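The lines below spell out each chain.
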Amino acid sequence: MSYKIAVIPGDGIGPEIVRQAQRVLDVAAAKFGFELEYTELLMGGASIDVNGVPLTDETIAAAKASDAVLMGSIGGDAKTSPWYRLEPQLRPEAGLLKIRKSLNLFANLRPAYLYDELRAACPLSEEVIGEGFDMVIVRELTGGLYFGARKTEVTDGVRTATDTLVYNENEIRRIAVKAFEIARKRRKQVCSVDKANVLDSSRLWRSVTEEVAKDYPDVQLTHMLVDNCAMQLVKDPAQFDVILTENMFGDILSDEASMVTGSIGMLSSASLNETKLGLYEPSHGSAPDIAGKDIANPIATVLSAAMLLRYSLDEDEAADAIENAVKQVLKEGYRTADIASRGGAEQEPDGCTVVGTQKMGELIAERV
Ligand code: NAD
């Protein structure tokens, strides 16, 4: 079996971390008997430098023709980079919004997993952490309040602003189906989060998710109000497997959930459309402050590559092998500076060894 992977290294630390993710993917492919054919694409600042625009139509076409897209991150330092003297629609981030729209990526997945070795970075108490937690937030990405009609008017000297929260049942159904499919690859529990005690859109959300649930008798569906969910995430995060929610609630809850894991360099993400095609990227940005120094943590990108194998290629065993390799490397005490307990002295007082970007990639690849 051979798969076409579009690779967008991007800007800043993007190329360094993507290189390590590809290294790990190559080892997994060889071990589990499939081939990966890469096409490297320019986006963001790297594309502006060559093409004058952050994303070309050719790049979009090439991404659409692939089985999955692996991305680093895009953007530069807004204060110093010449990219930010361009019109907003020509800046690096405009490329990101355009590719998400062009690929119709309506489902955003953000896992929040607490590695035992990184418990110290978790801001929750030991009692709350307990045995740890492992959840994924499935957020609707193209509807709701962020895309509804909006206006600001002045009536009798008083300014009034209106935003509209709109969802139709088809938009809810397709994201619910994604959440149930993902739950089938995990612990088979979906917690749908809404505000059904107040909002009509949430009542429709609840009724459509119940309809979808009938097609997934093996998956347990529960409902939770968003205010309660915000509390439960810091009170008892272990109760969650898949959290399914609309755009704005997901925006807030996914940041909350990822921060309780405590380490930005570890957070992967995926954005999916109705086909198997997805865009996989770390949750963090291009970190221009540390670019080119071989100190960036490549693990978020490596874990995004594992998600690519699981959700776009259905190569679950290879995905498991990469995730286990990451766990193993952490267990053996290897850390990049950002996740080292004492800020990166070569030999940490707790016996951990601090390594650079390339070495971390090599260590993970060896353990796949
Ligand atoms: P950032 O996530 O790039 O960096 C925040 C801090 O975390 C920095 O101190 C950085 O050094 C550190 N950091 C981030 N990733 C790390 C890693 N893998 N290993 C070690 N340390 C890491 O956020 P920012 O500084 O606000 O943004 C920088 C640029 O990235 C901006 O141009 C922004 O627009 C862009 N950005 C892009 C994306 C994306 O491509 N999806 C997302 C967020 C920000």
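For the structure itself, consult the block above.
Asks: Talk me through the packing of helix α6 (residues 169-184) against helix α7 (residues 200-213); I want residue IDs and the actual numbers.
Replies: Where α6 contacts α7, the axes come no closer than 9 Å and their chain directions differ by 50 degrees. Here α6 is positioned oblique relative to α7, judged by the angle of their axes. With respect to the hand of their crossing, α6 and α7 are arranged in right-handed fashion. Packed against α6, whose contacting residues are E169, I172, R173, I175, A176, V177 and F180, the element α7 presents S201, L204, W205, V208, T209, E211, V212 and A213 at the interface. In terms of residue class, the contact of α6 with α7 is built from ten nonpolar, two polar and three charged.

Asks: Quick one: what's the story with the pairing of strand β1 (residues 2-10), residue by residue and with numbers?
Replies: Most of β1 is tucked away, with seven of its nine residues classed as buried. As paired elements, β1 and strand β2 (residues 35-40) share six bridges and run parallel to each other. Its bridge partner lying in β2, A6 is registered against T39. Of the crossover connections in this fold, the one passing from β1 over helix α1 (residues 14-32) to the parallel β2 is right-handed. Two elements, β1 and strand β3 (residues 68-73), share five bridges in a ladder whose sense is parallel. Looking across to β3, one finds that G10 is bridged to S73.

Asks: Break down the sheet that holds strand β5 (residues 134-140) for me, citing the residues and quoting the values.
Replies: Sheet strands line up and pair through hydrogen bonds in the backbone, either parallel or antiparallel. In spatial order, the strands read β2-β1-β3-β12-β11-β4-β5-β10-β8-β9; together these ten strands make up an open sheet with mixed pairing. In this open sheet, the two edge strands, each paired with only one partner strand, are β2 and β9 (220-225). This sheet shows a mean twist of 25 degrees between the axes of neighbouring strands, independent of strand direction. Strands in contact with α7 are β5, β8 (189-194), β9 and β10 (242-245); relative to β9, the strand with the most contacts, it is inclined by about 170 degrees. Helix-sheet contacts for helix α9 (residues 247-259) involve β4 (107-113), β5, β8 and β10, and the interaxial angle to β5 is about 155 degrees.

Asks: Can you tell me about the environment of G14, naming the residues and giving the values?
Replies: Among the secondary structure elements, G14 is positioned in helix α1. By relative accessible area, G14 is classed as buried at 0%. Sequence separation between G14 and G148 is 134 residues, and the spatial gap between their C-alpha atoms is 33 Å. Every residue in contact with G14, bar those within four places of it in the chain, is listed here: P9, G72 and S73.

Asks: An account of the packing of helix α11 (residues 316-331) against helix α12 (residues 357-367) is requested, with residue identities and associated values reported.
Replies: Where α11 meets α12, the axes come as close as 8 Å, and the angle between the chain directions of the two elements is 120 degrees. Classified by the interaxial angle, the pair formed by α11 and α12 is oblique. When you trace α11 past α12, the crossing you get is right-handed. Two secondary-structure elements touch here, α11 through A325, V326, Q328 and V329 and α12 through M360, L363, I364 and R367.

Asks: Explain the side chain of S202 to me, using residue names and the numbers behind them.
Replies: The topology assignment puts S202 in helix α7. Under the relative-accessibility criterion, S202 is labelled buried at 4%.

Asks: Describe the packing of aromatic side chains, and please don't skip the residues or the numbers.
Replies: If you walk through the whole model with that rule in mind, you get four aromatic pairs. Both rings, one in Y3 and one in F34, keep their centres 5.7 Å apart while their planes meet at 70 degrees; by these two values the pair is edge-to-face. Taken together, the residues span a long stretch of sequence, with Y3 in strand β1 and F34 in the loop between α1 and β2 at a distance of 31 residues. For Y3, a relative accessible area of 8% gives the class buried. On the basis of relative accessible area, F34 is assigned to the buried category, the value being 5%.

Asks: If you had to explain the environment of L109 to someone new, which residues and values would you point to?
Replies: Positionally, L109 belongs in strand β4. On the accessibility criterion, L109 (0% relative accessible area) is buried. Residues L109 and L244 lie 135 residues apart in sequence; the distance between their C-alpha atoms is 9.5 Å.

Asks: Can you explain α1? Please cite residues and give values.
Replies: Relative to the 27 Å expected for 19 residues at 1.5 Å per residue, α1 spans 26 Å between its end C-alpha atoms, a close match to the ideal helical length. Positioned one or two residues after α1, G33 has a phi angle of 75 degrees, which is positive.

Asks: Please provide a residue-by-residue account of the pattern of salt bridges, values included.
Replies: Scanning the entire structure with this criterion turns up 26 salt bridges. Residue D134 pairs with R187 through a salt bridge whose shortest N-O separation is 3.8 Å. You can see D134 sitting in strand β5 and its partner R187 sitting in the loop between α6 and β8, a full 53 residues away along the chain. A relative accessible area of 26% means that D134 is categorised as partly exposed. In this structure R187 comes out as partly exposed when scored by relative accessible area, which is 39%. Salt bridges sharing partners connect three or more residues here, namely D134, R186, R187 and D241.

Asks: I'd love a proper account of the state of the cysteines, names of residues and values included.
Replies: Under the counting rule described, the total for this entry stands at zero disulfides. Unpaired in terms of disulfides, C191 finds its nearest cysteine sulfur in C229, a separation of 5.8 Å. Overall, the relative accessible area of 0% leaves C229 in the buried class.

Basis of the calculations
Residues numbered from 1 in each chain as written. Predicted model: local features only at pLDDT ≥ 70, side-chain atom pairs only at ≥ 80, totals over all residues. Heavy atoms only, no water. Axes fitted to C-alpha atoms, helices over the stretch in contact; angles between N-to-C directions. Helix = DSSP H or I, 4+ residues; strand = E, 2+ residues; numbered from the N terminus. Parallel < 35°, antiparallel > 145°, perpendicular 65-115°, else oblique. Left-handed = near helix turned anticlockwise from the far one by under 90°. Contact = heavy atoms within 4.5 Å. Nonpolar A, V, L, I, M, F, W, Y, C, P; charged D, E, K, R; others polar. Buried < 20%, exposed > 50% of the residue type's maximum accessible area, 1.4 Å probe, protein only. Pairing = 2+ DSSP bridges. Right-handed = clockwise from strand over helix to strand, strands pointing away. Phe/Tyr/Trp six-rings, centres within 6.5 Å; stacked < 30°, edge-to-face > 60°. Expected span 1.5 Å × (residues − 1). Salt bridge = Lys/Arg side-chain N within 4 Å of Asp/Glu carboxyl O. Disulfide = S-S within 2.5 Å.

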